[in-house]
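One-letter residues, chain by chain:
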Amino acid sequence: MRRITGKAKDETLIELQSATDSQAGDENNGNGVSLSDRVTLPGHGETDQLQPNKDTVFFRDGVRRIDFVLSYVDDKDGEKKQERRREFENNLEKAGLELETDDKSESKDQKTYFLKIHAPWDVLATYADVLKIKVPFKESDIPHGQEVPLDWLSHPFRLPDHIMRPQPDYFTYPFDKTKTDFFLINDKDTFFPPSTRNRIVFYILARCPYYKEGRKDRDKTGIKRLLSNGTYTSAFPLHDCRYWKRARNAECESERYNLYNHWARFLCFYKVQPLNLIRKYYGEKIGIYFAWLGFYTEMLFFAAVMGVICFTYGVLSYDDNISSKEICDPNIGGSIVMCPLCDKKCPFWKLNSTCLSSWQSHLFDNEGTIFFAIFMGIWVTLFLEFWKRRQARLEYEWDLVDFEEAQQQLQIRPEFEIRCTNRRLNKITQEMEPYLPITSKCARFCLSATTVLFWISLIVACIIGVIAYRLAVYAAFASIIKNPMRKIQFVGRFITPQLATSVTASFINFVIIMILNFFYERVAIWITDMEIPKTHLEYENRLTMKMFLFQFVNYYSSCFYVAFFKGKFVGYPGDYTYMFGKWSKLRNEECDPGGCLIELTTQLVIVMAGKQMCGNIQEALLPLMRNWWSGRKARHHPENHYSRWEQDHVLQNFSQLGLFYEYLEMVIQFGFITLFVASFPLAPLLALFNNILEIRVDAWKFTTQFRRPVASKARNIGAWQEILNAVAILSVVTNAFIMAFTSDMIPRMVYLYANSNGLSMRGYVNNSLSIYNISQIPRKNMPEEPDYWFDNSTSTCRYRDYRYPPGHQREYTHTMQFWHILAAKLAFIIIMEHVVFVVKFFVAWLIPDVPSDVKARIKRERYLIQEYLHNYEVEKLKLQLSASFITEPMSEVSLTLDKHEVLSECL
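First, a word on scope: everything that follows refers to the structure included in this document.

A few points about the overall build of the chain
Right, on to step 1. Looking only at helices and strands, one finds 32 helices and 14 strands in the chain.
Right, on to step 2. A burial count over the chain gives 52% of its 907 residues as buried.
Right, on to step 3. Of all intrachain contacts in the chain linking residues separated by at least 6 positions in sequence, the fraction that spans at least 24 positions is 78%.
Right, on to step 4. As displayed, the chain offers around 42800 Å² of accessible surface, 60% of which is attributable to carbon and sulfur atoms.

Thoughts on the pattern of salt bridges
Right, on to step 1. One pass over the structure, following the stated rule, counts 33 salt bridges.
Right, on to step 2. Between Arg 60 and Asp 102 there is a salt bridge whose closest N-O contact spans 2.6 Å. A residue pair is termed long-range when its members are at least 10 positions apart, and Arg 60 in the loop between helix H3 (35–38) and strand E1 (68–73) and Asp 102 in strand E2 (residues 98–102) qualify at 42 residues.
Right, on to step 3. Its salt-bridge partner being Asp 74, residue Arg 85 comes within 3.9 Å of it at the nearest N-O pair. Taken as a pair, Arg 85 in helix H4 (residues 78–94) and Asp 74 in the loop between E1 and H4 lie far apart in primary sequence, eleven residues in all.
Right, on to step 4. Among the residues examined, Asp 74 registers a relative accessible area of 45% and is labelled partly exposed.
Right, on to step 5. Three or more residues joined by partner-sharing salt bridges are found here, namely Arg 60, Glu 100, Asp 102 and Lys 116.

Considerations on the packing of aromatic side chains
Right, on to step 1. The tally for this structure, following the rule as stated, stands at 70 aromatic pairs.
Right, on to step 2. Ring geometry for Trp 292 against Tyr 663: centres 5.8 Å apart, planes inclined by 50°, an arrangement best described as tilted. With Trp 292 in helix H12 (residues 284–316) and Tyr 663 in helix H25 (residues 658–675), the pair connects residues that are 371 residues apart, well separated along the chain. Of the two residues examined, Trp 292 and Tyr 663, each falls in the buried class.
Right, on to step 3. Centre to centre, the rings of Phe 552 and Phe 560 are 6.2 Å apart; their planes meet at 45°, and the pair counts as tilted. Pair check on accessibility: Phe 552 and Phe 560 agree, each one buried.
Right, on to step 4. Sitting above the plane of the Phe 58 ring, Arg 65 keeps its charged end 5.9 Å from the centroid.

Here we look at the side chain of Glu 662
Right, on to step 1. By the element assignment, Glu 662 lies in helix H25.
Right, on to step 2. The residues touching Glu 662, leaving out its near neighbours within four places in the chain, are Tyr 289, Glu 619, Glu 694, Asp 698 and Lys 701.

What to know about the sheet that holds E1
Right, on to step 1. Strand order in the open sheet formed by four strands is E2-E3-E1-E6, with antiparallel pairing between adjacent strands. Strands with a single pairing partner mark the edges of an open sheet, and in this sheet they are E2 and strand E6 (234–236). This sheet shows a mean twist of 20° between the axes of neighbouring strands, independent of strand direction.

Reading the values: the criteria
Residues numbered from 1 in each chain as written. Predicted model: local features only at pLDDT ≥ 70, side-chain atom pairs only at ≥ 80, totals over all residues. Heavy atoms only, no water. Helix = DSSP H or I, 4+ residues; strand = E, 2+ residues; numbered from the N terminus. Buried < 20%, exposed > 50% of the residue type's maximum accessible area, 1.4 Å probe, protein only. Contact = heavy atoms within 4.5 Å. Areas by Shrake-Rupley, 256 points an atom, 1.4 Å probe, with all protein chains shown as cover. Salt bridge = Lys/Arg side-chain N within 4 Å of Asp/Glu carboxyl O. Phe/Tyr/Trp six-rings, centres within 6.5 Å; stacked < 30°, edge-to-face > 60°. Lys NZ or Arg CZ within 6 Å of the ring centre and 35° of its normal. Pairing = 2+ DSSP bridges. Axes fitted to C-alpha atoms, helices over the stretch in contact; angles between N-to-C directions.

What follows is the structure, given as structure tokens:
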């Protein structure tokens, strides 16, 4: 069955003739296709073996462009679904759309029907007027920019001009159907680009009912509902060509081919992104995402360079680390006996067993770390402020300046219109509109908040479980490894009980994170749907806040534990603190003598790197494997030849929340490199490498693995901007606390300037360890098996704290040095926060959000719009005058002329 509707009789004859030619072409295909056309690329299946008239984005007449494609199959509920399709397609025709159906016998699987949709000029003009789509009315006379010195240095990173600027710059104005001669309309078929056409058609599809005439079943509305109940299997706009070859039809733009060659290939990683072409092909919303990701990656370069410099300083100052030398010295660290780190299973141990970890800790915990923490606090401000400027420029160039105000109500979700049966008068428009009663809204909000709190509580419970694991398994590792310096000569130098516990706990925590993410994503979508947000923007913002709040707790809670809780509430040998009370026998963890910073670094590297690796594998391999599975029949039946819509049908669908997950991944990464960057200066470098790969993987997915998304507009990155601002402010606080309480920098500085002789760090290790009488250790805390090296003459052990020694009148209470260090830590936090915040707010005030040249361009465009509209109306009046002068008596014409002259002067 070939159903062709919405055409004149002559057009039908043309298409039938085209169909006959198509069949003839099929019969002669063996002789008509050259050998070069029969060679296929790896992973392309047989989609390269296409007849010229099959790989097209036009109807059979070769004139009308296919703006959207729907697919469906016959199944057991065929009659009911067929009735829905018939009513839906009839209503589409009444809306002015033109339809053309391909029978299942023409498809590769012999069971899929394809309904092709074309929007004629009248429909496009009507809905462009409704949606207030901006279109050109005059070519821009403002130059792109001034020549900059040393401009030639950027030539290797540039793309050709026709790729960077696929169309000239225009002054634009919202389309008005009654003023078509005001706009630059050279060809009505190409005036609206394909991205705008598919956006308009999808707007119609989303609101078109499929109930019979005379019935008002409001639930039976929109393509989304038809997709969910299986009436149609897919709905998508077409790519304009195959990504590895230009379109045969010269009227096709081949923009997909250009995007693949100049953007999606990894060898283009050093080139700038063709943002204007991305926006033209995919729409502003996807264009804004790649603009933000590219700018974020550019700014990461400076943070990565500074992080490498700080790490290099740690490496070069390796030999100047007196504290590590004392720990490793057999006469100093080898003679210091440390108290057991857990009850019964842990032995007494010598300080020099932590020699390697102390050297590792110095790489990240040195004087350069303070400078880097302050630098990152300023860097994040510069990043956010310069992004506002870049975003303002894109808003102007992409005609988004007034988008939010004009388009807000036009983005009402069809689900809101369908499910909200109550109506009330809009005081502004004086029209009846759907609304959600306050009682229903409050009830839904309470249920949503309760669900989110439950899942956050579940995360906290899992983190407590991981902490309990750390406490329990440490004793097991200690009993196995015992004295690593003597019993496990080779492995023990690298695997200590602390390291083994930290690494295994980090991996377990990462697995729990991924499992909880998998389930919560579905819960978050369900509760957001249940709230029935009014607009698409409101829906995305609510989902964004729910998901980020959950992900924040999920990903960062383990790092917060290591940074701010581990080793802070331990007690001392005679009075240890236990996690769930003394009955639990789970003694709180202690930090290494070198501090907890190296454990925070380990935790950060495992979670951050693990997430990035899993994310890239998932993003790259899953779509590739799914498309390989979908196209497997093509490899077994090389005689089949596929049309453009069949090629796109086997690709993966890009969901409405596709960009949401991309943003979420990057914002979580942003949190890692800002909140805890003081513990790992190389984090920005890892993020930089990941993002270089991420841009090209995302580009490759969009151009090769996904169907073409429906174009949609977005003025900015939405709620993510506020989240980034909040993370930036929080990062200053967290890094100040990490430097004060997790790092050993403040105790070292206090010792160097207040307690040492001659400003030397010699004796710092001995000064930072307190003494405890072994005979006073309770039996329950003593090891079960004494070590052979342990001498009965050893009467004391050392532990990490500042307390008076045994025999002192205030034995085992905190010394004055402890309070001096605590005061120094608090003073450092206050000074660092105030310095960074003052610089942040000064920089934010100093850098305007909108560049001055963009402000000037916006004002000029508004001025020109007023001027051209005035001239247009005046010319229109003159034409009316000329026409009336010919048809009316002279006396009446003179009176009318006087009136029009007065009106013209007023205009």
